[in-house]
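Structural overview for review
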Amino acid sequence: MDPPLSQSLHHSCPQRTIRMSSGRPRRSTSAQSRPRGGLWPNQRGPDVVIQLLDQALKAGLTAKYVMFDTWFSNPHQIVQISQRGLNVIAMVKKSSKITYEFEEKRMNVKQIFNACKKRRGRSRYLLSVPVKVGDPAKDGAQIDARIVCVRNRSNRKDWIALICTDMTIDENEIIRIYGKRWDIEVFFKTCKSFLKLGTEYHDLSYDALTAYTTFVFLRYMFMSVEKRDDEDDRTIGELFYYMVDELADITFITPFRSWWKPCSRV
């Protein structure tokens, strides 16, 4: 259970009006969390993701991979994140409008899957091909990536596609790393079902909604710390490392040496 780092409230309903409290100091937390220019209600989700990512990088936070599902998976988004020095591992949307450059042709993921030979047997993935993501005219750059197609666990006749911009890792590592994104779904489920996010408090004030969401995330962070203290032995401090040193694995030759000494005396 990883703690949340930031959040941004967003809605796309033009009939709703969110009240912005006036008279707040510019340096206050509520003022800094507000959207610039008052464009928050009409901002697109992918644009908000880039803003939150820039805030995290500005705060000194680093990451090796940025993972998301098909909702934010588009070539423009992937190129933007790669230009910030971060690698992307995401699920590819099966859309005929989203294309990639494969063997010098623009093809969508379904066309790429049908044009290539699949792996047989009990392999963890069906297909792995290198592609180029982005259009220099639209996205400003074009980057290398790898598409890995795996079987859908819920439907063996179906398949899902993952894309990774890190060309140095293999297919099994891509699948393993993307599996960690399930923690995000656990986070949403915990906040909505157990911490009553969205049902416990109702208001049209932006500051009030931001404060309430922050308190919900704080409760989740307390639960995460408590869960780790109960399950992870490393939280006991230096005593854990002393125990590891005491219980170091003996080498293969050590039992033979202890057995050989009494036999040599006989």
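Residues numbered from 1 in each chain as written. Predicted model: local features only at pLDDT ≥ 70, side-chain atom pairs only at ≥ 80, totals over all residues. Heavy atoms only, no water.

1. A short note on the pattern of salt bridges
Charged atoms that come close allow side chains of opposite charge to pair. Test applied: Criterion for a salt bridge: a side-chain nitrogen of Lys or Arg within 4 Å of a carboxyl oxygen of Asp or Glu. The helix count covers DSSP runs of H or I at least four residues long, the strand count covers runs of E at least two residues long, and both are numbered beginning at the N terminus. Type-normalised accessible area, obtained with a 1.4 Å probe on protein chains alone, sets the label of each residue: buried when under 20%, exposed when over 50%, and partly exposed for intermediate values.
Per the counting criterion, the structure on display carries seven salt bridges. One salt bridge in this structure joins arginine 84 and aspartate 54, with 2.6 Å as the shortest N-O distance. In this pair, arginine 84 is assigned in the loop between helix H3 (75-82) and strand E2 (87-91) and aspartate 54 in helix H2 (residues 45-58), connecting sequence segments 30 residues apart. Classification of arginine 84 by relative accessible area gives partly exposed; the value is 29%. Close ionic contact of lysine 94 with aspartate 158 constitutes a salt bridge, the shortest N to O distance being 3.0 Å. Highlighted residues: lysine 94 in the loop between E2 and strand E3 (100-102) and aspartate 158 in the loop between strand E6 (143-151) and strand E7 (159-164), separated in sequence by 64 residues.

2. Examining the packing of helix H7 (residues 182-194) against helix H8 (residues 206-231)
For clarity, the cut-off: Interaxial angles span 0 to 180 degrees and are taken between N-to-C directions of axes, which are lines fitted to C-alpha atoms, for helices over the stretch in contact. Each crossing gets its handedness from the near helix: less than a right angle anticlockwise from the far helix is left-handed, clockwise is right-handed. Note on contacts: a residue pair is in contact if any heavy atoms of the two residues lie within 4.5 Å. Under the convention adopted here, Pro, Cys and the residues Ala, Val, Leu, Ile, Met, Phe, Trp and Tyr are nonpolar, Asp, Glu, Lys and Arg are charged, and Gly plus all remaining residues are polar.
Put simply, H7 and H8 touch, their axes get as near as 11 Å, and they point 115° apart. For the crossing formed where H7 meets H8, the hand is right-handed. Taking contact as the criterion, the partners of Phe187, Thr190 and Cys191 in H7 are, on H8, Val216, Phe217, Tyr220 and Met223. In terms of residue class, the contact of H7 with H8 is built from six nonpolar, one polar and no charged.

3. Focus: the packing of aromatic side chains
Our working definition: In this analysis, rings of Phe, Tyr and Trp, with Trp reduced to its six-membered ring, are considered paired at centre separations within 6.5 Å, and the interplanar angle assigns stacked below 30 degrees, edge-to-face beyond 60, and tilted for intermediate values. In our convention, an over-ring charge means Lys NZ or Arg CZ found within 6 Å of a ring centre and within 35 degrees of that ring's normal.
Going through the model one piece at a time under the given rule, you end up with five aromatic pairs. Residues phenylalanine 113 and tryptophan 159 carry aromatic rings whose centres are separated by 4.1 Å and whose planes lie at 10° to one another, so their mutual orientation is stacked. Of this pair, phenylalanine 113 sits in helix H4 (residues 109-115) while tryptophan 159 sits in strand E7, and the two are 46 residues apart along the sequence. Of the two residues, phenylalanine 113 and tryptophan 159, neither departs from the other in class, the shared state being buried. Arranged with centres 5.3 Å apart and planes meeting at 55°, the rings of phenylalanine 187 and phenylalanine 217 form a pair that is tilted. Taken together, the residues span a long stretch of sequence, with phenylalanine 187 in helix H7 and phenylalanine 217 in helix H8 at a distance of 30 residues. Phenylalanine 217 carries the same exposure label as phenylalanine 187, and that label is buried. Ring pairing ties together the aromatic residues Phe187, Phe188, Phe217 and Tyr220, which thus form one cluster. The positively charged end of lysine 94 is found above the aromatic ring belonging to tryptophan 159, 3.9 Å away from the centroid.

4. Digging into H8
Under the convention used in this document: Each helix should span, by expectation, one fewer than its residue count multiplied by 1.5 Å.
Helix length check: H8, at 26 residues, gives a terminal C-alpha distance of 38 Å against a target of 38 Å (1.5 Å per residue), a fit within 8%. Taken residue by residue, H8 has Tyr206, Asp207, Leu209, Thr210, Tyr212, Thr213, Val216, Phe217, Tyr220 and Ser224 as its buried positions.

5. Some remarks on the pairing of E6
Two faces make up the sheet, and in a regular strand the side chains alternate between them. This is how it is decided: Strand pairing is defined by DSSP finding a minimum of two bridges between the two strands.
Across the nine residues that make up E6, a large majority, seven, are buried. One ladder, built from seven bridges, connects strand E5 (residues 127-133) with E6; its direction is antiparallel. By the bridge assignment, valine 129 is partnered in E6 with isoleucine 147. Sheet topology places E6 next to E7; six bridges connect them, and they run antiparallel. When the sheet's bridge partners are listed, cysteine 149 is paired in E7 with alanine 161.

6. Observations regarding helix H6 (residues 171-179)
Where we set the bar: In this context, the arc is that of the directions from the helix axis out to the C-beta atoms.
Among all positions of H6, only Glu171, Ile174, Ile175, Ile177 and Tyr178 are buried. Down the axis of H6, the buried side of the element spans an arc of 165°, and every buried residue falls inside it.

7. Quick notes on a nonpolar patch on the surface
Using the following cut-off: Like-charged residues within 9 Å of one another, or nonpolar side chains (Val, Leu, Ile, Met, Phe, Trp, Tyr) within 5 Å, are grouped into patches, provided each residue has over 30% relative accessible area and no salt bridge. Residue exposure ignores everything except the shown protein chains as possible cover, and the areas themselves are Shrake-Rupley values with a 1.4 Å probe.
Side chains of Phe215, Leu218 and Phe222 sit close together on the surface and give an oily, nonpolar patch of about 350 Å² of accessible area. Counting through the fold element by element, phenylalanine 215 comes out in helix H8. A relative accessible area of 56% means that phenylalanine 215 is categorised as exposed.

8. Considering the environment of isoleucine 163
If you trace the backbone, isoleucine 163 turns up in strand E7. A relative accessible area of 0% means that isoleucine 163 is categorised as buried. Taking C-alpha positions, isoleucine 163 is 9.6 Å from isoleucine 78, a pair spaced 85 residues apart along the chain. When residues no more than four places from it in sequence are discounted, the contact partners of isoleucine 163 are Ile78, Val88, Ile89, Ala90, Val92, Tyr100, Val133, Ala145, Arg146 and Ile147.

9. Considering the environment of lysine 105
Looking at the secondary structure, you find lysine 105 in strand E4 (residues 105-107). Judged by its relative accessible area of 55%, lysine 105 is exposed. Expressed as a C-alpha distance, the spacing of lysine 105 and valine 131, which sit 26 residues apart in the sequence, is 9.9 Å.

In short, shape yes, function no, at least from these values alone.
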